[in-house]
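Tertiary structure, described
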Amino acid sequence: MRLLLVEDDALLGAGLRAALGKSGFDVTWVKDGAAALDVLATEEFVAMVLDIGIPKVNGNEVVRKLRAQGNPIAVLVLTAADSTFDKVASLECGADDFLGKTAEMEELVARLRALIRRSGHGSGTLRVGTLRLDLDKHTLVKEGEQIKVSKREFSVLRALMEGAGRVLTRAQLEQSMYGWNGTVESNALEVHIHNLRLKLGASTLRTVRGVGYTIARQDL
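Now for a quick tour of the structure. Just so it is clear, the model here is predicted, and its values are computed rather than measured. (Residues numbered from 1 in each chain as written. Predicted model: local features only at pLDDT ≥ 70, side-chain atom pairs only at ≥ 80, totals over all residues. Heavy atoms only, no water.)

Looking now at the overall build of the chain. Summing up its helical and strand segments, the chain has eight helices and 12 strands in all. Taking 2.2 N^0.38 as the reference for a compact globule, 220 residues should give roughly 17 Å; the C-alpha atoms of the chain span a radius of gyration of 19 Å, in line with that estimate. Taking the principal axes of the C-alpha coordinates as reference, the chain spans close to 55 × 35 × 30 Å. Out of the 220 residues belonging to the chain, those deemed buried represent 46%. Sequence separation of at least 24 residues holds for 57% of the intrachain contacts in the chain that already meet a minimum separation of 6. Here the chain displays about 11200 Å² of accessible surface, and carbon together with sulfur accounts for 49% of that area. Of note, the chain has its 29 positive side-chain charges centred 6 Å away from the centre of its 28 negative side-chain charges. (Helix = DSSP H or I, 4+ residues; strand = E, 2+ residues; numbered from the N terminus. Rg over C-alpha atoms; globule rule 2.2 N^0.38 Å. Buried < 20%, exposed > 50% of the residue type's maximum accessible area, 1.4 Å probe, protein only. Contact = heavy atoms within 4.5 Å. Areas by Shrake-Rupley, 256 points an atom, 1.4 Å probe, with all protein chains shown as cover. Lys, Arg positive; Asp, Glu negative; His and termini not counted. Charge placed at Lys NZ, Arg CZ, Asp CG, Glu CD.)

Another point: the pattern of salt bridges. For the structure shown, the criterion picks out 13 salt bridges. Bridged by salt links that share partners, the residues Glu7, Asp51 and Lys101 form one connected network. (Salt bridge = Lys/Arg side-chain N within 4 Å of Asp/Glu carboxyl O.)

To continue, consider the pairing of strand E3 (residues 47–50). Of the two faces of E3, the one lined by Ala47 and Val49 and the one lined by Met48 and Leu50 are each fully buried. Sheet topology places strand E1 (residues 2–6) next to E3; four bridges connect them, and they run parallel. Note that in E3 the partner of Leu3 across the bridge is Ala47. For the crossover from E3 across helix H3 (residues 59–68) to strand E4 (residues 74–79), the handedness is right-handed. (Pairing = 2+ DSSP bridges. Right-handed = clockwise from strand over helix to strand, strands pointing away.)

Turning our eyes to something else, we now look at the packing of H3 against helix H4 (residues 84–93). Between H3 and H4, the shortest axis-to-axis distance is 8 Å and the interhelical angle comes to 20°. With respect to their mutual orientation, H3 and H4 come out roughly parallel. Here Asn60, Val63, Arg64 and Arg67 of H3 come into contact with H4, specifically with Ala89, Ser90 and Cys93. Grouping the amino acids of the contact of H3 with H4 by side-chain chemistry returns three nonpolar, two polar and two charged. (Axes fitted to C-alpha atoms, helices over the stretch in contact; angles between N-to-C directions. Parallel < 35°, antiparallel > 145°, perpendicular 65-115°, else oblique. Nonpolar A, V, L, I, M, F, W, Y, C, P; charged D, E, K, R; others polar.)

Before going further, it helps to spend a moment on the side chain of Thr204. Structurally, Thr204 can be placed in the loop between helix H8 (188–200) and strand E11 (205–208). With a relative accessible area of 6%, Thr204 lands in the buried category. Among the polar contacts made by the side chain of Thr204, one reaches the main-chain carbonyl oxygen of Leu200 at a distance of 2.9 Å. (Polar contact = N/O pair within 3.5 Å; in protein donor to acceptor, adjacent residues only side chain to side chain.)

Before going further, it helps to examine the pairing of E4. Two faces belong to every sheet, and in a regular strand the side chains alternate between them. The buried fraction of E4 is high, at six of six residues. The side-chain alternation of E4 yields two buried faces, one formed by Ala74, Leu76 and Leu78 and the other by Val75, Val77 and Thr79. Judged from the four bridges that link them, E3 and E4 form a sheet pairing that is parallel. Note on E4: the bridge partner recorded for Met48 is Val75. In the sheet, E4 pairs with strand E5 (residues 97–100) via four bridges, with the strands oriented parallel. Within E5, the residue paired with Thr79 across the bridge is Gly100. As a crossover connection, the stretch from E4 through H4 into E5 is right-handed.

See below:
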């Protein structure tokens, strides 16, 4: 899932991009409000993590402009200015949620996923080639035939289909199975990939040596 991060602090921005990437997001990072508005004019994202005190165009004004343009992107404001006054101001500008920078990464990821679900991007159906993954019913169909998959196989396939055409690392796929703090079994991912290939065809999931796994964006 494509996520826009708007943060002018270089150290914090790099850390957030890395952590959100490990959580399965495809993160584009910009450092000021003008750059955010420019990229949002030409590209689509499921959500945006936005600091208020950014250069050129402040965060609240970014949200106000987006809502005036009719852009419904889910916006989570992440800022050090976390008083009730600041929260109310951001929400009145059109932000969907507000979180202080002292929050744990687990809470940030959970809030983002909740926002994405509410916006309609986290539910419904994923389609890649001949595969159809129903996110509400947790069912998988290939060429009209329902295929049984385990809960973790479903999680791995969902992450790959959401990032179709992109290589996902082992860490990203393990996080999709176990969550942020889950205990990772040493060879579990390889077992689930192997089982999915048996069920879907050996060429469906491709290994990129030394990087991770991918599924083609179009026809399989």
